[in-house]
Amino acid sequence: MAAKKKITKKTAKKKSASKKPRTRKVGEDESNKGKGLKQVALDSIVAVAKMVQKTATGGGLPEMVMPQRNLSNVTYDKKTGYFELGDNYKTRKLDVNSVKTFAQTLRLMSLAQDMVGDADFATKREAYYVSKNWGEAKFNEQRESDSVLDDIEGMFSLKGVTRETLRFVPEEHGGSVVGALTVIDKDPETGDPIRSDCAAMGSGAYTVPSSVDHLGFETTAEFIIAIETGGMFQRLNHHRYWRTANCILVEMGGVPTRATRRFVRRLSEGLKLPVYAFVDCDPYGMCNIYRTLKVGSGASAHINAKFCVPNASYMGVTPQDILDFGLEDATHPLLPVDIKRAKDALKNDPFFQAYPAWKKTLKQMLTMGVRAEQQAFAKWGLNFVIEEYLPVKIKNAKKFLP
Amino acid sequence: MRVESIHRKGQNHPVAATKHLTAEQMAKNQKEISVSEFFAKNRHLLGFDNKQKALLTTIKEAVDNSLDACEEAGIAPDLLIEIHQVEEDRFRVVIEDNGPGIVKEQIQNIFGKLLYGSKFHSRRQSRGQQGIGISAALLYAQMTTGKGAKIISKTTRGKPQSLTLQMDSAKNKPMITKEAVLKEWHLKHGTRFEVELEATYKRGLRSVDDYIKQTAVSNPHATLHYLTPDDEEPRIYERAVKVVPDRPAEIKPHPYGVELGELIRMLRETNSRWLVGFLQEEFCRVGRKKALEIIKEAGLGEKSYPTRIAREEADALYRSIQKTKISAPPTTCLSPIGEKRITEGLMKETDADFYAVATRPPSVYRGNPFQIEVGIAWAKPGGDQLEVDKRGRIKKTKKRRGTVDTENLLGNADEPVRLLRFANRVPLLSQQSGCGFTKAVTQTSWKSYGLQQPKGSMPLGSAVILVHMASVWVPFTSEAKEAIAPYDEILKEVKRALQDAGRKLGAHIRKDKRVANEFEKRSYIEKYLPHVGIGLQEILGITDEAREEIVETLGDSLETARNI
């Protein structure tokens, strides 16, 4: 927190000093570092094991308590800005149905204990393969080990411990980044800083690593656009839109991964940059991609505090855009699954329920009965999106959907 | 073919070349046909269709007679059945019993005369019915080998008589070809029947082996020594119970079973003077009150002379009988095998895991009392058996092995259930598909009792279904006594008995599945619980002893929490 305040002061000074593009900086996220959280993780693991031991010795059947991770157990408050875990818990009592999972949970905790101690890590896939040495208790599919990992994370999340703290990292990498941004990474062996200039990636892009808390940033950009599809990202990158508009482009590739969410969050929070989401105009783009980017998801409610971007806003494509930009004949009808998704969001999703503007938008889409893709602007020429749509929209960024 | 026949019809009918006969001329050719001649030409009606069946029928008739004789005399049957191969298709068959023996004068009639016997006229339950079987066997042997039968019989008081008999098939009369009084015989009383016939010996379904095995099931009070041509030593089917079934009582006809024609005959022949007396005297289950009720309903007078009842009045009386509620005939005339004995019989001859038996109360078809019994032997598919001990732990036990015969009545789990049909304890081997019992089994819904069943077929499973009908008169579909006529009353009773036994089987199969399920769950615990211990040991660094103790304590807690 101290570091952030410093930056704010610095940038404030610079802003008044010159009209040149301001350079904003943010260092490594310190809050996860130090012995504090690591010790908390180790203590938590031992505490669970001791509880099991004590209950068992006393002739009882031990149970593990973890928060329920689904949309019905989250609350949304505009002030907090993300989905917060509710008070529902599930109890896993040792019985015939749970004995295997129970054993697997303890053995994965043991693995985490070793990794935290040795400062090593395992991908979720590797963790799955480690279990192959457990004989009968091995996992048959990675889906099973992922689920147990989520359970462990959920159990410890109340103490601020995440999967990353426990040294389990996701297999998939994050999204692609281009623009007026320099990422400062560290050489894992020497600890020397490595600078990656995201404006010097040629036709390629910087890839968000699976863990981002150790990164530092420098930027002169004014805002960030989070883009759903690789196609649109390529078009904007090819025509150097980020240079024209002085922004950072992030490709999410569907629902953004934890690392991408955390990356954008750190950029937006540390560098005080607004984030504009540019996704397809359909229930999936709004209710899954954008909603998860902004407030997190029900299934990962225990980590939303860090892994979402509360100050993101929804640039488009909106149903109103379809009308305003003459895309009516470039749409597709909503599929039954789309309609169900939109109706579910209106009925059950605390985020959409909190904003009348969103309710109106979803209803408008349902009434129109159509969806439109980002690429639909090509109807008016391949670069219509760069020359017309984006400039017009960004001029009125304050009117973006919350 | 059709075109040809139409063509023929179109032609004028050809005039017969032979001369027409007068009634007088015809009369010269009209003469009595001897029953034995008739059956010599129609041997299939008696079960001598082919060589294999001839062997079976011969043995079956002799064994049935022997068992009947023993039971009537209250003797626990001890039977010897031997088949010796003489030539390729010629066999010598011996059936010897420890029955009361036959007095010398009757031997020739019983064995050498068709339609001679004690059982045809009596309303008493017995294996034999018509008095045809054993003499037909002799006739068949005589026709195929030219030799007669040798009979040795001894009563307790008499001397052992040895007779060689042939039959004069034209006159239906026995002919004694050799006769002797033996100085000594190895039995105090009993009868030995020995005959040589053209036959084929085969194993498997509907074989003599099959018959003997099933007879052992339905007659657990009998011991059978059975020597086949293939064996050196006889197979011994030991009796499981010592007590001989009570001799069934003879009964009067039940009113419901008498048809109009028979009622008229009875009215004509009775010695009773008044109608009310006639009804009470000639029928069972009719007292004075019931008799008056019937007469009133028929609009007749209680003091009418039975001999003078006209056809129309008899008709009214007949209909009145059908309307009146009359209790079922007495069951003393029936000798069911009994639930305990059916279980004993099935248990000693099948290697099953579960036995269910059901007995129906006696019922009536056409005035004939009958009683249906059903037994089911079921083997758990897979072999090993799970048992729950007193402490609630489940253990695997080895499957029991068969005691007497290697021939197993139980098939595989995916095969149709084996149906054993019995009438008055006699196994019915042939014509299963045409039998009323089969119909009742296929019409019962076995799915609700835990067995699979293709639509309209026998259920599947490693199981035996035994159906027994005890009756003073069993309605066979033919004289070969191979299938039961599907009377509605009989079908209904068989189905109900099947349902009763089926419910017990269903409950067992469900419990069995539950135990298997529980066993699986408990092995699940045994499989994974050690890993809870390993996890704890790794995290906490506890000793091996401490780990094992925790696993054991947890195991006990889980077992206690899961009481069956």
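Residues numbered from 1 in each chain as written. Chains lettered and ligands numbered in written order. Predicted model: local features only at pLDDT ≥ 70, side-chain atom pairs only at ≥ 80, totals over all residues. Heavy atoms only, no water.

Looking at this structure, how should I read the pattern of salt bridges?
A side chain of one charge can pair with a side chain of the opposite charge when the charged atoms of the two come close. Residue and element names in this part refer to chain A. Tallying each qualifying case throughout the model produces 51 salt bridges over all chains. Measuring nitrogen to oxygen at the nearest pair gives 2.8 Å for the salt bridge that ties Arg265 to Glu269. Taken together, the residues span about one helical turn, with Arg265 and Glu269 both in helix 8 (residues 258–270) at a distance of four residues. Among the residues examined, Glu269 registers a relative accessible area of 34% and is labelled partly exposed. The partner of Asp338 in a salt bridge is Arg371, with the nearest N and O atoms 3.8 Å apart. Highlighted residues: Asp338 in helix 11 (residues 336–348) and Arg371 in strand 18 (residues 370–371), separated in sequence by 33 residues. In this structure Arg371 comes out as buried when scored by relative accessible area, which is 17%. (Salt bridge = Lys/Arg side-chain N within 4 Å of Asp/Glu carboxyl O. Helix = DSSP H or I, 4+ residues; strand = E, 2+ residues; numbered from the N terminus. Buried < 20%, exposed > 50% of the residue type's maximum accessible area, 1.4 Å probe, protein only.)

Sorry, what's going on with the confidence of the model for chain A here?
Predicted coordinates in regions of low pLDDT should not be interpreted in detail. Overall, the predicted model of chain A reaches an average pLDDT of 87, with 93% of residues at or above 70. Across residues 1–18 of chain A, confidence stays below pLDDT 50; counting only partners more than four residues off in sequence or on other chains, it has nine contacts. (pLDDT = per-residue confidence, 0-100. Contact = heavy atoms within 4.5 Å.)

Explanation requested: the nonpolar core in the structure shown.
The nonpolar side chains of soluble globular proteins are, as a tendency, buried together. Leu181, Ile225, Tyr241, Leu249, Phe263 and Phe278 of chain A are the most contacted members of the largest nonpolar core, which totals 81 residues. Residue contributions to this core reach at least three from each of two domains, namely domain 1 (2–29 + 173–399) and domain 2 (34–169) of chain A. Excluding its chain neighbours within four sequence positions, the residues that come into contact with Phe263 of chain A are Val177, Leu181, Val183, Tyr206, Val208, Val212, Leu215 and Phe217 of chain A. Counting 47 residues, the second-largest nonpolar core is a separate cluster that includes Ile45 and Leu94 of chain A together with Tyr528 and Leu558 of chain B. (Core = buried A, V, L, I, M, F, W, Y, C linked by side-chain atoms within 4.5 Å. Domains from an automatic or database assignment.)

Hey, could you run me through the sheet that holds strand 4 (residues 161–168) of chain B in this one?
Whether parallel or antiparallel, the strands of a sheet pair through hydrogen bonds between backbone atoms. Residues and elements named next belong to chain B. Spatial strand order, 5-4-3-6-2-1-7-8: eight strands in an open sheet with mixed pairing. The sheet is open, and its two borders are formed by strand 5 (173–181) and strand 8 (235–237), each paired with just one other strand. In this sheet, adjacent strand axes meet at a mean angle of 15° when their direction is disregarded. Here strand 7 (residues 223–227) pairs with strand 8 via three bridges, running antiparallel. Bridging from a neighbouring strand, His225 pairs with Ile236 of strand 8. Its contacts with the sheet place helix 6 (residues 133–145) against strand 2 (90–97), strand 3 (149–154), strand 4 and strand 6 (190–198), and it is angled at close to 40° to strand 6. (Pairing = 2+ DSSP bridges. Axes fitted to C-alpha atoms, helices over the stretch in contact; angles between N-to-C directions.)

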